[in-house]
Amino acid sequence: MPLLFRDQVLRIKAENAEQISILQSLETQEHLQLDFWLHPANPELPVDIRVPFSNVQAVKVLLESNNIQYSVLIDDVQAVLDEEQQELEVNQGRERLTKSFNFAAYHKLETIYEWMDTLVAQYPNLVSKINIGSTYEGRPMYVLKFSTGGNNRPAIWIDTGIHSREWVTQATGVWTANKIATEYGSDSSITTLLNSMDVFLLILANPDGYAFTHSNNRMWRKTRSKTSGSCIGVDPNRNWDAGFSGPGASNYACSDSYHGPFAESEVEVKNIVNFIKQHGQIKSFISVHSYSQLLMVPYGYTCNKPADYQELENVGKSAASALKSLYGTSYQVGNICDIIYPASGGSIDWSYNYGIKYSFAFELRDTGRYGFILPANQIIPTAQETWLALMHIMQYVQAHPY
Amino acid sequence: MRWTLWIVLGLFPLIDGHPTLKTDQNSLETADAALNHQNGSLNSVLHLDDTEKAALETTRNDPAFPMKELNTSHYPATRAAKVAQHYLNYHHGSPFKWFMVHAVKKASSEDIPEVGKKYHIQFSVQEQATKEIVGNCTAEILFRHTEVQSAPEVNCTCDDLLKIKTSDADHALYHHIKHQPEPMTGMDIPDSHGNIPKEMEPFWYLGGIGASFIMWQQSNESTLYNMAHVHSVKQLNSENDLLAFEYVVLLHDMVSQEIIHWHMQVAWNPTQGVKVTQCHLLPKGTLKQPSAEKHKI
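Being a predicted model, the structure only gives us computed values, none of them experimental. (Residues numbered from 1 in each chain as written. Chains lettered and ligands numbered in written order. Predicted model: local features only at pLDDT ≥ 70, side-chain atom pairs only at ≥ 80, totals over all residues. Heavy atoms only, no water.)

## Looking at the sheet that holds strand β9 (residues 185-189) of chain B
All names here are of chain B. Pairing is antiparallel across the open sheet formed by five strands, whose spatial order is β9-β10-β11-β12-β13. The open sheet has two edge strands, β9 and β13 (273-282), and neither has a second partner. Between one strand axis and the next, the sheet turns by 25° as a mean value, whatever way the strands run. Pairing of strand β12 (residues 259-269) with β13 involves nine bridges; the strand directions are antiparallel. The residue bridging valine 266 from the neighbouring strand is valine 276, located in β13. (Pairing = 2+ DSSP bridges. Helix = DSSP H or I, 4+ residues; strand = E, 2+ residues; numbered from the N terminus. Axes fitted to C-alpha atoms, helices over the stretch in contact; angles between N-to-C directions.)

Dropping the structure here:
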């Protein structure tokens with residue numbers, strides 16, 4: 001293709017039939033090498049012509065002398081083409097990266113962070129990354145925001161990986177982010193959801209812990225904060241301001257369910273609380289854990305049922321049915337305190353009491369055969385079935401504004 | 001085959017003074033009580049003495065001590081069913097047969113004054129290798145309310161348990177191991193990503209069955225145990241026709257969320273099944289952490 005260096009595209013507004021016929025006669029002037037992108041037909045429609053650089057002045061003079069209105073649509077066609085080509089190559093590169101990302105594997109923290117950047121770059125009009133604050137060890141906490149616009153739309157919050165050893169949850173978060181981004185526009189439920197709501201997804205809610213599970217101890221659960229004494233870390237799901245230091249949490253620093261010195265002592269928890277409060281329009285709060293195959297609603301800090309229990313239980317049961325429909329995986333549904341154990345200072349108890357009615361906690365696969373060390377070949381089936389439950393909840397939330 | 005089982009445990013003072021120490025183990029189990037394989041049913045006599053039996057008789061059908069129907073999704077029922085699972089595995093498991101609770105169908109409990117609480121569970125189990133479901137299991141589990149941890153007493157029967165036949169696989173494995181020039185060893189089963197080499201699977205199962213003994217013995221109404229990981233397995237010399245292995249396993253208690261490390265010696269052959277001959281709790285921090293490069297627990 002010949003170089004179109006400084007060729008221009010002119011947009012011509014013919015006013016009458018006479019001007020149209022002048023333009024039509026221009027088409028026959030082969031020596032001008034005019035490339036009509038929109039042919040002269042009638043005065044209602046614009047006429048677009050790519051004019052070779054060498055003939056630009058002559059054509060403009062001709063138009064002006066006939067009182068034919070025009071504007072310069074593109075003043076350097078080659079530059080536009082170059083930019084387009086560059087973008088194409090970059091996108092192909094990114095697409096290769098996102099397409100080649102192995103969702104059926106567990107990845108280190110750095111890899112997940114890199115992948116998040118490629119997702120944002122690939123879908124810049126849908127996905128953005130927000131740094132909601134740093135961890136104890138100084139790592140950024142990144143939330144992916146999925147939005148088609150609006151101004152602070154009502155939103156869904158999902159977090160995975162708050163207990164770092166629960167690896168299938170972070171992996172499910174990654175898969176889910178990819179699902180939303182790639183299928184917006186083609187999947188009608190995602191598209192409808194994002195028409196009026198935003199989704200916030202915190203894939204690594206405990207980055208310090210996650211890094212530690214890779215470098216030192218696969219079974220690490222807590223944060224990595226140093227409080228007093230020789231033991232490190234606080235159970236981030238006993239540290240929320242809901243029945244803090246009540247039943248089901250330990251005041252012993254070496255315990256895996258240590259609640260911490262005070263509520264929200266953990267910066268990771270505080271960052272989420274600050275974000276939620278500052279946003280002000282979160283309508284559903286979903287925390288994802290593993291293992292046990294449970295879908296739970298508040299409360300954990302008391303066995304008394306929350307006011308909305310019946311509705312939440314109903315939504316949970318339908319969500320669990322949807323989940324089961326894919327691979328037959330059975331989930332139990334109920335309030336935390338009765339289903340698994342009394343547990344105070346939990347995230348969804350806090351979110352519910354804060355006013356976020358549709359608060360749910362998942363415990364993903366399995367029921368104890370592999371436990372925390374779920375084989376990587378179960379990541380995608382787990383994420384796929386969980387997606388059906390998440391989608392059910394999100395659609396319900398959208399249909400029940402409050 | 002008669003079996004007299006000695007369980008020797010050392011009481012290790014924990015370096016960091018872990019407050020939930022429950023290691024007192026002095027239970028002795030005789031073959032008559034434990035292993036009564038008849039048509040796939042397992043009966044262990046609940047060890048109530050005469051006074052206790054009288055108390056139980058009095059409370060039965062007494063409106064002051066009613067049988068309480070339990071929600072099968074709630075933790076009292078699921079914890080009791082898990083104990084029955086551990087019991088079933090220890091008495092019926094093998095390197096090719098490992099059960100997990102599939103569904104709890106019905107559950108009730110009764111208080112036994114001065115003794116503890118007895119659960120009645122109807123449940124199904126799924127065998128993990130074959131995926132076969134054994135649909136009709138019933139169990140009675142008695143949790144004694146004692147100062148120190150005591151093993152729950154279990155009475156468990158399953159219809160059709162014997163339909164799952166693994167004797168060919170068991171025998172083939174036994175002969176294979178017997179004829180190896182070197183004793184087998186293994187580590188990190190599964191690895192951090194959940195991978196288990198095919199040839200290690202039977203040793204993972206064997207660890208799970210052995211661990212089931214420990215989990216059964218350590219269970220009470222405030223625990224829910226699963227084996228989280230096999231840290232290491234090493235074949236030991238054995239003079240008789242039993243194979244012997246030394247394991248270090250990680251157990252996860254869902255209720256406290258703690259990971260506890262146990263050392264155990266396991267004996268096995270296809271006809272006699274699995275026996276834990278020794279076990280003791282390892283203090284936190286005993287296991288050396290390998291270098292940062294490898295995936296480890």
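## So, the environment of B:Ser192
Positionally, B:Ser192 belongs in the loop between β9 and α5 (201-218). Judged by relative accessible area, B:Ser192 falls into the buried class, the value being 2%. (Buried < 20%, exposed > 50% of the residue type's maximum accessible area, 1.4 Å probe, protein only.)

## Some remarks on the UniProt feature "domain: Cystatin LXN-type" (unreviewed entry) in chain B
On the UniProt side, "domain: Cystatin LXN-type" (unreviewed entry) is annotated at positions that read residues 66-166 and 185-289 of chain B here. As annotated, residues 66-166 of chain B has a helix share of 18% and a strand share of 46%, and its two end C-alpha atoms lie 42 Å apart. (UniProt positions renumbered as here; feature names shortened; annotations may be inferred.)

## Re the nonpolar core
Counting residues in hydrophobic clusters, the biggest one holds 126 residues, and the most contacted among them are A:Phe146, A:Ile203, A:Phe362, B:Ile141 and B:Tyr247. The dominant element in this core, judged by the number of residues it contributes, is α5(B), at 10 residues. When residues no more than four places from it in sequence are discounted, the contact partners of B:Tyr247 are B:Phe203, B:Leu206, B:Gly207, B:Val230, B:Ser232, B:Val233, B:Trp262, B:His263, B:Met264 and B:Val266. Counting residues in each nonpolar core, the second largest holds 41 residues, with A:Trp240, A:Met296, B:Val248 and B:Leu287 among its members. (Core = buried A, V, L, I, M, F, W, Y, C linked by side-chain atoms within 4.5 Å. Contact = heavy atoms within 4.5 Å.)

## So, the pairing of strand β11 (residues 332-335) of chain A
Residues and elements named next belong to chain A. Pairing analysis gives four bridges linking strand β10 (residues 294-297) to β11, with the strands arranged parallel. From the neighbouring strand, methionine 296 faces β11, where its bridge partner is glycine 334. Remark: the β10/helix α9 (residues 309-327)/β11 crossover connection has right-handed handedness. (Right-handed = clockwise from strand over helix to strand, strands pointing away.)

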